[in-house]
Each structure stands twice: as C-alpha cells, then as structure tokens.
Amino acid sequence: MSKPSLARGTRDFGPEIMVKRIFIFEQIKKVYQKYGFLPLETPAIENLSVLMGKYGEEGDQLLFKILNSGDFAKDLNQEDLNRGSKDILKKVSEKGLKYDLTVPFARYVVMNRHQLALPFKRYQIQPVWRADRPQKGRYREFYQCDADVVGTESLICEAEIVAMLHEVFENLGINDFVIKINNRKILSGITEVIGAKGKETDLCVAIDKIDKIGKEKVEEELIERGFSPENIQNLQPLFRITQSENVNFGELRQWLAESEIGQKGVDELENIWGLTSALGIKNPKIAFDPSLARGLSYYTGAIFEVKALNVAIGSISGGGRYDNLTGTFGMPGLSGVGISLGVDRIFDVMEELKIFPEHLTLSSTKVMITNFGEDTLAKSLEILGQLRAHGINSEIFPESSKMKKQFEYADKKAIPFVLIIGSDEIQKEEFMLKNMLSGEQISLKIEQIIEKLNA
RNA sequence: GAGGUUAUAGCUCAGCUGGUUAGAGCACCAGAUUGUGGUUCUGGGGGUCGUGGGUUCGAACCCCAUUAGCCUCCCCA
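This is a predicted model, so every value here is computed, not measured. (Residues numbered from 1 in each chain as written. Chains lettered and ligands numbered in written order. Predicted model: local features only at pLDDT ≥ 70, side-chain atom pairs only at ≥ 80, totals over all residues. Heavy atoms only, no water.)

1. Considering the overall build of chain A
- In terms of helices and strands, chain A carries 18 helices and 16 strands.
- Since a compact globule built from 455 residues should have a radius of gyration of about 23 Å, the 29 Å found for chain A marks it as more spread out than a globular shape.
- Within chain A, buried positions represent 48% of all 455 residues.
- Counting contacts in chain A only where the partners sit at least 6 residues apart, residues at least 24 apart contribute 68% of the total.
- Total accessible area on chain A stands at roughly 23500 Å², and carbon and sulfur atoms take up 50% of it.
- Side-chain charges in chain A split into 58 positive and 65 negative, and the spacing between the mean points of these groups amounts to 2 Å. (Helix = DSSP H or I, 4+ residues; strand = E, 2+ residues; numbered from the N terminus. Rg over C-alpha atoms; globule rule 2.2 N^0.38 Å. Buried < 20%, exposed > 50% of the residue type's maximum accessible area, 1.4 Å probe, protein only. Contact = heavy atoms within 4.5 Å. Areas by Shrake-Rupley, 256 points an atom, 1.4 Å probe, with all protein chains shown as cover. Lys, Arg positive; Asp, Glu negative; His and termini not counted. Charge placed at Lys NZ, Arg CZ, Asp CG, Glu CD.)

2. Focus: the domain arrangement of chain A
- According to the domain assignment, chain A contains domain 1 (15–63 + 99–353) and domain 2 (367–453).
- Summarising the inter-unit geometry, the C-alpha centres of domain 1 and domain 2 are found 53 Å apart. (Domains from an automatic or database assignment.)

3. Focus on the packing of aromatic side chains
- Per the stated rule, a full pass over the model turns up 10 aromatic pairs.
- Look at F249 and W273: their rings are 5.8 Å apart centre to centre, the planes differ by 80°, and that puts the pair in the edge-to-face class. A residue pair is termed long-range when its members are at least 10 positions apart, and F249 in helix α12 (residues 249–255) and W273 in helix α13 (residues 260–278) qualify at 24 residues.
- With a relative accessible area of 18%, W273 lands in the buried category.
- A centroid spacing of 5.4 Å and a plane angle of 55° characterise the contact between F347 and F356, whose relative ring orientation is tilted. (Phe/Tyr/Trp six-rings, centres within 6.5 Å; stacked < 30°, edge-to-face > 60°.)

4. Focus: the pairing of strand β11 (residues 336–342)
- Burial within β11 is extensive, with 7 of its 7 residues counted as buried.
- Residues G336, G338, S340 and G342 line one face of β11 and the alternating positions V337, I339 and L341 line the opposite face, and both faces are buried.
- The sheet contact formed by strand β6 (residues 141–150) and β11 spans 7 bridges and is antiparallel. Paired with D148 across the bridge in β11 is G338.
- One ladder, built from 6 bridges, connects strand β10 (residues 317–322) with β11; its direction is antiparallel. (Pairing = 2+ DSSP bridges.)

5. Comments concerning the packing of helix α1 (residues 15–34) against helix α7 (residues 156–172)
- Running from amino to carboxyl end, α1 crosses α7 at an angle of 150°, the nearest separation of the two axes being 9 Å. Considered as vectors, α1 and α7 are oriented roughly antiparallel to each other. Here α1 and α7 pass one another in a crossing that is right-handed. Contacts between α1 and α7 involve F23, I24, Q27, I28, K30, V31, Y32 and K34 from the former and M164, E167, V168, N171 and L172 from the latter.
- The residue inventory of the contact of α1 with α7, partitioned by class, reads 8 nonpolar, 2 polar and 3 charged. (Axes fitted to C-alpha atoms, helices over the stretch in contact; angles between N-to-C directions. Parallel < 35°, antiparallel > 145°, perpendicular 65-115°, else oblique. Left-handed = near helix turned anticlockwise from the far one by under 90°. Nonpolar A, V, L, I, M, F, W, Y, C, P; charged D, E, K, R; others polar.)

6. Focus: helix α15 (residues 374–389)
- For α15, which comprises 16 residues, the first-to-last C-alpha distance of 23 Å matches the rise-based estimate of 22 Å (1.5 Å per residue) to within 8%.
- Of the positions making up α15, those classed as buried are T376, S380, I383, L384 and L387.
- Where the residues of α15 are buried, they touch β12 (367–369), β13 (394–396), β14 (417–420), α17 (423–428), β15 (431–435) and α18 (446–454).
- Looking at the residues trailing α15, positive phi occurs at G391, about 80°. (Expected span 1.5 Å × (residues − 1).)

7. Focus: the side chain of E158
- Structurally, the position occupied by E158 is in helix α7.
- Looking at E158, its side chain comes within polar contact range of the side chain of R321, at 2.5 Å.
- Here E158 is in contact with I272, A302, F304, R321 and V337, once residues within four sequence places are set aside. (Polar contact = N/O pair within 3.5 Å; in protein donor to acceptor, adjacent residues only side chain to side chain.)

8. Notes on the pairing of β15
- Of all 5 residues in β15, 4 are buried; the element is thus mostly enclosed.
- Alignment of β14 against β15, held across 4 bridges, turns out to be antiparallel. Pairing of V418 across the sheet is with K434, part of β15.
- Where β15 meets strand β16 (residues 441–444), 4 bridges bridge the pair, whose relative direction is antiparallel. By the bridge assignment, L433 is partnered in β16 with I442.
- If you look at the hairpin formed by β15 and β16, you'll find 5 residues sitting between the two strands, and G439 has a positive phi there, around 85°.

9. Considerations on the pattern of salt bridges
- Under the criterion given, the structure shown has 19 salt bridges.
- Across the salt bridge formed by K121 and E160, the nearest N and O atoms sit 3.6 Å from each other. Of this pair, K121 sits in strand β5 (residues 120–129) while E160 sits in helix α7, and the two are 39 residues apart along the sequence.
- Overall, the relative accessible area of 21% leaves K121 in the partly exposed class.
- Of the charged contacts, one joins K379 and E382 as a salt bridge, the two residues approaching to 3.5 Å between their closest N and O atoms. Residue K379 and its partner E382 are both found in helix α15; the two are separated by 3 residues, about one turn of the helix.
- Residue K379 is classed as partly exposed on the basis of its relative accessible area of 27%.
- By relative accessible area, which is 42% here, E382 ends up partly exposed.
- One continuous salt-bridge network, built from bridges that share partners, spans R11, R21 and D344. (Salt bridge = Lys/Arg side-chain N within 4 Å of Asp/Glu carboxyl O.)

Below you can see the structure in the form of structure tokens.
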C-alpha cells in the first residue's frame, strides 16, 4: 500500500470549491453565449505534430508528452540514445496533452472548413496542461475559457472582446481590473523607427519589465541585447507615452510616422477605442500599454491582457489577433482574434478579495426526509416521490440512524429544511417541517409543504 | 531550467543551546440528550516529526541527499 498523493501542480476540487468554480464557469459561459459564441470541445490528447512548434521553443519543452502505447522503446537504438532527447522523443512519443485551446481550435477549423459558417465564433471551456514549475497562481493543470472569432478581420471583434471582458468581470464582482491593450504592428513600427527592425522579441522582453525594474535598467538590458545607444535614444518617446494616463494617439502617430506598419497599428488601436465606446461601454477599463508583449509568437495585431488590481496574481486573461494560425495547418489567410480567461487564477483572485457571493450553496438539496425505520419508510418514500414530482430537490437519509446523526448530516450539507416523518406525523397526516437556519419547525399537510418548498 | 525558503495530528501551528512518554486550538468519535443539528459540558481516538541515509550514549532539533509546497528569476492563464 502506498501513500496517496497528487501529481505535482494538480489539485482536487472538493464540493465547497466546486460550487465556486461552477459559479465562475457559469458567469463566463453566460456572457460568451450572449455575444453569439457557440460551444466546442476538443480532445485532451492531440498529436504532437499539431502541438509542437506552435508555442516557441520553450513551449515545446512545457508540453506534456505521452509515451506510445505498448513497447514504446522498441524503435530506439543506441545511436538515438547518444544523440539525445530530441531524437528519442520522436520515436517514443507521438501524442501530447493540449497546451492551450487556440491551437486545437485552429486544427478543428482547418479540418472542418467546408462545414463552418464563417466567420466562426466559438467558445471552449476545458483544462489544459503545462509542465511548468508550479507556484502561486500557476498550475500544471488548469482551465481556460476561450472565445475566438475566425474568418474576419473586423475590429468589431476586438471591441466585442473588450465588452465581454467588462461584462464577465463585473458579473463576477471583480471591479478593479485593467485591460491592457497593445498591437503587434505598433511594436513592429517601433523597431522600425528606432532603427532596430526585426528585433521585436528582444525589445518586448526588455520593455515588458519597465514597471518592475525602471527605465534605466530596461535601457541597460537593451544594450545587453544588442541595441545601440542611438536605438535607445530614438526609443525615448515610448517612455513618455507609457507614463501618460490617457492615450495620446497623435503623439504616437507622429513618432511612428516613418513606419507604414506602425501607422496601421495606430489606426487599429484608435479604431478599437472608438468601437468600444460605440458599443456603449461606460468608463472602459482599457489602457494602451506599449510594453505589453506576451510570449505567444502567433499574435499579429491586437494583444490583450487583463490584470486584476490589488492582488498579487499574474494576468487573469490574455489574448489577441492572429493572422496565420491556420496557415501552419495548410489554410492560409484566415484571421482570428480571441481571448482566454484563466478560471484558476480568477478563483484565486476572488478568494483573496473574498468576493464570492454568499448565497452559493453547497448542496442543491432543498429538503431531507428523516428515516425512522421500517414502520415509516413506505410513507417517507411516498412523500419523497411527491416532492420530486413537484420539482423539489430532496433526499431521504438512507439509514435509520439516530436523529442526531441525521440532523448533523443535513446541517453539514447545508440542507435548508428537514422533514420529520415519524409514526405520530403519519397518524395525523401532518408532518414536521424544520427550518435548519432558524430552528423553527411547524406541522404541515403535504400540500402545504410542497407549496412552501416551491415558493 | 537557476536561486531562496519551508515540511511536526485531518487543518493551523508550538516544541528553548540535541536529553526520558512530542503538545495546543480547531476538526473527528462517544456520552450528557433512546424524535432534533448549528451553542455548552464530559470523555476518547489519532503523529515511526515529508522520505532515505549519516553524526551522537541519545535526533523533531545537527549534517547530506531526495520529494513536495511557497517565493524570486524566466515564462505564462
């Protein structure tokens, strides 16, 4: 016998936690459906050919790979072993656990392109797995709630994502958050006008840290990453723009005047601001953040990230526009934009802020019927059936244990009513209904009980 | 992947410079209450001190390794 244990970075969710998680799922699902998204599920397991190479080199390392069935080592020879893990991997594993929902979605779109009504809007709520090092707010198995639109370049989709995010977080009671928005095209434009074309990644990695380490350190890091002092001199407007509260599109446009792609980025950004306001979002919690980079290499337009304020947890949502995700599966020219909500982090945020609604009930049972044994069982079951026929969630204590035990059970399960059916009650044809919250109990006829419990 | 830190009852923790039999609160079980929970009182069970080695007459305590949690970097939901 071995001691039970959980795999690293995974957790059980007991009933108390599930109640809260389901609340979050429901709120998200409700809003996604409200905006016209349709449900989709894809397998936990995908072929590695689908997953590998989509998330960068680091992503490939973080993929959980599944050993081939049977004798997975049968094709291995000494030469493979000498050459190292990469060559071994190809021969021992051809499947992996999905790493996010976007890539499997792209695969689905490509495989079903002829049936789909484009633009296709889907939402997807499923677990994903990453062989990351667990820490606060970071797990190896966690749920993502994605909503994506493919088959249109319309910036209405971006604005609708902004609107949905507002609605979801407000419904959840998370009021202090900010949707950071950037645009890959602006990042490209920046590298162009500072004379470091093509070095977006290095630029991003460095300027992303500006909040944490400050301007001077960022400049030091840029030098280390091969940027010239001239590059950095040209970058100065960025620090001004980042610091200003409101977005100064004019200044941004002027700075990026020499870059065609940069201009396009500014156009898009300004458009998203305008459309968001046109959708009627009052006081939108959006902020242009040119230092927002995000690791996923496939974003080509808008980039989103939602940060909950006043809590020490990373982003609770991220997303953006990708132009060529389906291209890697042989279907070029299909643009998409999407957002991903991290339920596990949202849960942590809500727990830390203590903002889960109080009415979330552990048990859906409305009433528990006592069990006094054989003499009363027939009547108890009859009434149980009647209650259920009237749509009342009810259960009977399955054993004729002591009353104390039966009441303790109801109490622990937070069942609001206990119906006492003993021989006295059966004789009177009136049954004792006890309110477990107030402690009051009254003798009622079955019709009155049904009426009261259905109220 | 690198660094730091922690690990004692189901949970939260105490346990002095190594010294007999490792404690508390909460939780759990039983009784007071053989038809009434959440309050109260009484009693009870439960730990080879994360795991494996080592030092010592003697280790929860010191040393090494290992595993897991947390934190920082990296990256991300």
